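Fold and geometry: a report
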Amino acid sequence: MMQPYAKGFGGLARLDETLDAFWMGMRRYNVTYHNDMHCLDVAQMTFIVLCSEDLDAIGIRLKLRPLEYLSVLIAALCHDYAHDGFNNGYHVKTESSRFHLHGADAVQEKYHFAEAFKIIERTKLLCGLVPEDQATFRRLMLGCILSTDMSKHNDVLKNVQEMMLQIRSDQHELVTDDMSADEVQERKEQLLHLVVHSSDISFLTRPMHVQQEWAYLLFEEFFHQGDIEREKGLPVSFLCDRETVNVAKSQKPFLDFAVMPLFKVVSELSPSKDYLY
């Protein structure tokens, strides 16, 4: 999936070494949902949306460079790197080591990026790139991972909806000749953030039996957090109380609020694919 985009980097051996290290980190904690399978699923969905050979694939329409493809795919793969099964709110209210390292805003997302990028630095994956391209890779990877913070969902959706008004007025051209280089880069990054964020919550676009399996794995992780919070005498977080939460009833509001608005935009940008079952 990533090898075609690795030309100009530190060589395929370094890519393999990096991916092996990612794999170990994604399996560090025994969690039911935010694990290696979820990370691989999100990376695969990102690949489908971005990298297909259809002429309306978002990557083709944005004229992405190989380093941009690879940065986004790695971001998708590592967006939950070494996730410990607790959400941002838990880390803030328990003042965990991750909170002390990264602060109250996007604790987990900043941790996932920082730990994954340490591996990239250790394996020297970017050694074949000039400094400017290394900075672009890092900025894209960080932005895509931060976009998966659900507390930022409304901001992402608002930016995307405003951007779509302009895209529609340009006959659905994603980038146009009269855009400056900075405007093109900003447009690219907005759309790439959209792709990764959408892919992160895409299990609700799958056939029902697949949705159900993912949903119950996710809620078992939520309920485990709730159990720990109750044991510690802390308020039980939203959707984390196994005694009161109805998993099935919780899905429609999330589908209506988060998933459908994003995937309607993704489907409009790449209409040859039907992402919604």
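That block above? That's the structure.
Now for a description of the structure that goes with this document. (Residues numbered from 1 in each chain as written. Predicted model: local features only at pLDDT ≥ 70, side-chain atom pairs only at ≥ 80, totals over all residues. Heavy atoms only, no water.)

Moving on to the overall build of the protein. A count of helices and strands for the protein gives 12 helices and 0 strands. Listing the helices and strands of the protein from first to last along the sequence gives α-α-α-α-α-α-α-α-α-α-α-α. Here the protein has a C-alpha radius of gyration of 19 Å; the compact-globule value for 277 residues is 19 Å, and the two agree. For the C-alpha atoms alone, the extent of the protein along its principal axes is close to 60 × 40 × 30 Å. (Helix = DSSP H or I, 4+ residues; strand = E, 2+ residues; numbered from the N terminus. Rg over C-alpha atoms; globule rule 2.2 N^0.38 Å.)

The subject of this paragraph is the packing of aromatic side chains. For the structure on display, the rule yields 7 aromatic pairs. Taken together, a centroid distance of 5.2 Å and an interplanar angle of 75° make the contact between Phe219 and Phe222 edge-to-face. One end of the pair is Phe219 and the other is Phe222, both in helix H11 (residues 208–231) and 3 residues apart, which spans about a single turn. A residue is classified by how much of its surface remains accessible, and Phe219, at 2% relative accessible area, is buried. The class of Phe222 is partly exposed, set by a relative accessible area of 21%. Each residue in the set Tyr33, Phe203 and Trp214 is aromatic and connected to the rest through ring pairs, giving one cluster. Of note, Arg98 hangs over the ring of Tyr111, and the distance from its end group to the ring centre comes to 3.7 Å. (Phe/Tyr/Trp six-rings, centres within 6.5 Å; stacked < 30°, edge-to-face > 60°. Buried < 20%, exposed > 50% of the residue type's maximum accessible area, 1.4 Å probe, protein only. Lys NZ or Arg CZ within 6 Å of the ring centre and 35° of its normal.)

This part covers the pattern of salt bridges. Applying the stated criterion to the full structure yields 15 salt bridges. Measuring nitrogen to oxygen at the nearest pair gives 2.8 Å for the salt bridge that ties Arg27 to Asp36. The exposure class of Arg27 is partly exposed, given its relative accessible area of 49%. Relative accessible area serves as the criterion here: at 8%, Asp36 is assigned to the buried category. A salt bridge links Asp84 to Arg98; the nearest nitrogen and oxygen atoms lie 3.8 Å apart. With Asp84 in the loop between helix H4 (66–78) and helix H5 (88–93) and Arg98 in helix H6 (residues 97–102), this residue pair connects regions lying 14 residues apart in the sequence. Each member of the pair Asp84 and Arg98 is classed as buried. (Salt bridge = Lys/Arg side-chain N within 4 Å of Asp/Glu carboxyl O.)

The next thing to look at is helix H9 (residues 153–169). Residue pairs three or four apart in sequence face the same way in an α-helix, which turns once every 3.6 residues. Between the first and last C-alpha of H9 there are 25 Å, a value that for 17 residues agrees with the 24 Å anticipated at 1.5 Å per step. When we look at burial in H9, the residues that qualify are His153, Val156, Leu157, Val160, Met163, Met164 and Ile167. In an axial view of H9, the angular spread of the buried residues amounts to 130°, which keeps them on one side of the axis. Summarising the contacts, the buried residues of H9 are in contact with helix H10 (181–200) and helix H12 (247–269). A positive phi of about 55° marks Gln171, the residue just after H9. (Expected span 1.5 Å × (residues − 1). Arc of directions from axis to C-beta. Contact = heavy atoms within 4.5 Å.)

Spanning 13 residues, H4 covers 18 Å between terminal C-alpha atoms, matching the ideal 18 Å at 1.5 Å per step. Burial analysis of H4 places 12 of its 13 residues in the buried class, the great majority of the element. All buried positions along H4 are accounted for by Leu67, Glu68, Tyr69, Leu70, Ser71, Val72, Leu73, Ile74, Ala75, Ala76, Leu77 and Cys78. Structurally, H4 contributes buried residues whose contacts are with helix H1 (12–26), helix H2 (36–51), helix H3 (58–61), helix H7 (107–123), helix H8 (131–146) and H10.

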